[in-house]
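Chain by chain, the residues run as shown.
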Amino acid sequence: MSGQVSYEKVEAGAEIPVAVYPVTRLSLVKYCGASGDFNTIHWNERIARAVGLPNVIAHGMFTMAQAGRFVTDWAGPEAVVTEFGVRFSAMVVVPDDDAGATIEVSGTVEEKLDDNRVAVALTARSSEAKVLTRARAVVRLP
Amino acid sequence: MAVNRDYVGRSFPESEPYEVSRVKIAEFADAIGDSNPVFRDQAAAQAAGHRDVIAPPTFAIVISLTAAGTAVADPGLGLNYAMVVHGEQRFSYTRPLVAGDVVTARPAITDIRDAGRNVMITTSTEIRTVSGELVCTALSTLVERGGVAA
């Protein structure tokens, strides 16, 4: 966490430092339980392969949550997210080992809007693939 | 079986009330690996100007997924759920969900269209407090792979 960002000081075009988030099989099991999404492809390698996937894959919403975390960590505790949208463009494949996979998120302050809001453009990659496209959040800053 | 286009514009019944709790928010934050105090510590959240702990921005999926899931599972829609992947997701918030909120979700199917061999189905779910305040609108686009009838 990097303290509180203020609307007055934030500049359009500013880059937000890259963050790398790990995702393991345990992450996915926990996410299944917390979200209620128990789709078998997120925890069962046999079924994942049977439906043509390379291995177990992360929930798209898990990846979106990492992008959300990136935004709220940057924006600070007083900020609130008013818009958040993504397209899921590639799978995050999670092997059955201790390291798992990583999701690398970066962002840029795209523009300053009215009402103390700023738009942040986001990118997320896993194993070099862009896993989110058109990822954008609008946050209201103090 | 092809997806039934007559379902575009159809609204589904409002869900039972869901109480947003500190414990559930903390469990969700743990599951996404997020240690931010505003999602787990009431004092920290209040010091930052929130009524109580707030929910991470993707938390609304916990509420909207169940509601929208009921809509897309309607047998008359004819969606082959085994072939479905998540295509797109967006949330619009009037304010964060806060511990103590009691909300209901009302899903609707807003669009069904072909994209190559796939069928894209968009649902819009309004999450409102039981007193009627709109907190979040969640738009989900699901993709049925190979769903266009040959």
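See the structure shown above.
To keep things clear, this report deals only with the structure shown in the data block. (Residues numbered from 1 in each chain as written. Chains lettered and ligands numbered in written order. Predicted model: local features only at pLDDT ≥ 70, side-chain atom pairs only at ≥ 80, totals over all residues. Heavy atoms only, no water.)

Quick word on the overall build of chain B
Then, in step 1: Counting its secondary structure elements, chain B contains 3 helices and 5 strands.
Then, in step 2: Reading the helices (α) and strands (β) of chain B from amino to carboxyl end gives β-α-α-α-β-β-β-β.
Then, in step 3: The principal-axis extents of the C-alpha atoms in chain B amount to approximately 60 × 30 × 20 Å.
Then, in step 4: Considering chain B as a whole, with its 150 residues, one finds that 50% of them fall into the buried category.
Then, in step 5: Of the roughly 6500 Å² of accessible surface on chain B, a fraction of 53% belongs to carbon and sulfur atoms. (Helix = DSSP H or I, 4+ residues; strand = E, 2+ residues; numbered from the N terminus. Buried < 20%, exposed > 50% of the residue type's maximum accessible area, 1.4 Å probe, protein only. Areas by Shrake-Rupley, 256 points an atom, 1.4 Å probe, with all protein chains shown as cover.)

Some remarks on the nonpolar core
Then, in step 1: If you look at the biggest cluster of nonpolar residues, it comprises 72 residues, and the most contacted ones within it are A:Trp74, A:Leu122 and B:Leu97.
Then, in step 2: Looking at which element gives the most residues to this core, the answer is helix H3 (residues 60-75) of chain A, with 9 residues.
Then, in step 3: Each residue touching A:Leu122, except ones within four places of it in the same chain, is listed here: A:Ala67, A:Phe70, A:Val71, A:Phe84, A:Val105, A:Ser106, A:Gly107, A:Ala135, A:Arg136 and A:Ala137.
Then, in step 4: Formed by 13 residues, the second largest nonpolar core is a distinct cluster that contains B:Val3, B:Val72, B:Leu77 and B:Leu142. (Core = buried A, V, L, I, M, F, W, Y, C linked by side-chain atoms within 4.5 Å. Contact = heavy atoms within 4.5 Å.)

What to know about the environment of B:Arg128
Residues and elements named next belong to chain B.
Then, in step 1: Secondary-structure assignment places Arg128 in strand S4 (residues 118-129).
Then, in step 2: Setting aside anything within four residues of it in sequence, one finds Arg128 in contact with Val102, Val103, Thr104, Glu133, Leu134 and Val135.
Then, in step 3: Within the structure, the side chain of Arg128 is placed 3.1 Å from the side chain of Glu126, a separation counted as a polar contact.
Then, in step 4: Among the polar contacts listed, one links the side chain of Arg128 to the backbone oxygen of Gly132, at a separation of 3.1 Å. (Polar contact = N/O pair within 3.5 Å; in protein donor to acceptor, adjacent residues only side chain to side chain.)

Observations regarding the pattern of salt bridges
Residue and element names in this part refer to chain B.
Then, in step 1: Counted under the stated rule, the structure contains 18 salt bridges over all chains.
Then, in step 2: Its salt-bridge partner being Lys24, residue Glu27 comes within 3.2 Å of it at the nearest N-O pair. Placement of the pair is Glu27 and Lys24 together in helix H1 (residues 22-31), with a separation of 3 residues, close to one helical turn.
Then, in step 3: A relative accessible area of 18% means that Lys24 is categorised as buried.
Then, in step 4: Ionic pairing is found between Arg90 and Glu88, a salt bridge with its closest N-O pair at 3.6 Å.
Then, in step 5: The class of Glu88 is buried, set by a relative accessible area of 15%.
Then, in step 6: The network of salt bridges with shared partners includes Arg51, Arg95, Asp101 and Glu133. (Salt bridge = Lys/Arg side-chain N within 4 Å of Asp/Glu carboxyl O.)

A look at a nonpolar patch on the surface
Then, in step 1: Judged by side-chain polarity, A:Leu26, A:Val29, A:Phe38 and A:Trp43 come together as a nonpolar surface patch covering roughly 450 Å² of accessible area.
Then, in step 2: As for its position among the elements, A:Phe38 is in the loop between helix H1 (25-35) and helix H2 (45-50). (Patch = residues over 30% accessible without salt bridge, like charges linked within 9 Å, V, L, I, M, F, W, Y side chains within 5 Å.)

Side note on unusual backbone geometry
Glycine aside, the phi torsion of most residues is negative, and most peptide linkages are trans.
Residues and elements named next belong to chain A.
Then, in step 1: Its identity is not glycine, yet Glu128 carries a phi of approximately 75 degrees, on the positive side.
Then, in step 2: One can find Glu128 in the loop between strand S4 (117-126) and strand S5 (129-140).
Then, in step 3: For Arg134, which is not glycine, the phi dihedral falls at a positive 45 degrees.
Then, in step 4: Relative to the elements of secondary structure, Arg134 occurs in strand S5.
Then, in step 5: Under the relative-accessibility criterion, Arg134 is labelled exposed at 58%.

Looking at the packing of H1(A) against H1(B)
Then, in step 1: Look at H1(A) against H1(B): their axes get within 8 Å of each other, and the N-to-C directions meet at 155 degrees. As the angle between them shows, H1(A) and H1(B) are arranged roughly antiparallel. Our pair here, H1(A) against H1(B), has a crossing hand that is left-handed. Together, A:Ser27, A:Lys30, A:Tyr31, A:Gly33 and A:Ala34 of H1(A) and B:Lys24, B:Glu27, B:Phe28, B:Asp30 and B:Ala31 of H1(B) make up the contact between the two elements.
Then, in step 2: Classifying every residue of the contact of H1(A) with H1(B) gives 4 nonpolar, 2 polar and 4 charged. (Axes fitted to C-alpha atoms, helices over the stretch in contact; angles between N-to-C directions. Parallel < 35°, antiparallel > 145°, perpendicular 65-115°, else oblique. Left-handed = near helix turned anticlockwise from the far one by under 90°. Nonpolar A, V, L, I, M, F, W, Y, C, P; charged D, E, K, R; others polar.)

So, the pairing of strand S3 (residues 102-115) of chain B
Residues and elements named next belong to chain B.
Then, in step 1: Judged from the 2 bridges that link them, strand S1 (residues 18-19) and S3 form a sheet pairing that is antiparallel. Of the residues in S3, the one forming a bridge with Glu19 is Val102.
Then, in step 2: Taken together, the 12 bridges between S3 and S4 define a ladder with antiparallel strand orientation. The partner of Ile109 across the bridge, within S4, is Thr123.
Then, in step 3: Linkage of S3 to S4, two consecutive antiparallel strands, is achieved through a turn of 2 residues, within which Gly116 is found at a positive phi near 65 degrees. (Pairing = 2+ DSSP bridges.)

Some details on the packing of aromatic side chains
Then, in step 1: In the structure shown here, the tally under the stated rule is 4 aromatic pairs over all chains.
Then, in step 2: Between A:Tyr31 and A:Phe62, the ring centres sit 5.9 Å apart and the planes meet at 85 degrees, which makes this aromatic pair edge-to-face. Pair noted here: A:Tyr31 is in helix H1 and A:Phe62 is in helix H3, with a separation of 31 residues, a long-range link. In this pair, the class of A:Tyr31 matches that of A:Phe62, namely buried.
Then, in step 3: Grouped by ring-pair contacts, the aromatic residues A:Tyr31, A:Phe62, B:Phe28 and B:Phe59 constitute a single cluster.
Then, in step 4: Over the face of the ring belonging to A:Tyr7 we find A:Lys112, whose NZ or CZ atom lies 4.6 Å from the ring centre. (Phe/Tyr/Trp six-rings, centres within 6.5 Å; stacked < 30°, edge-to-face > 60°. Lys NZ or Arg CZ within 6 Å of the ring centre and 35° of its normal.)

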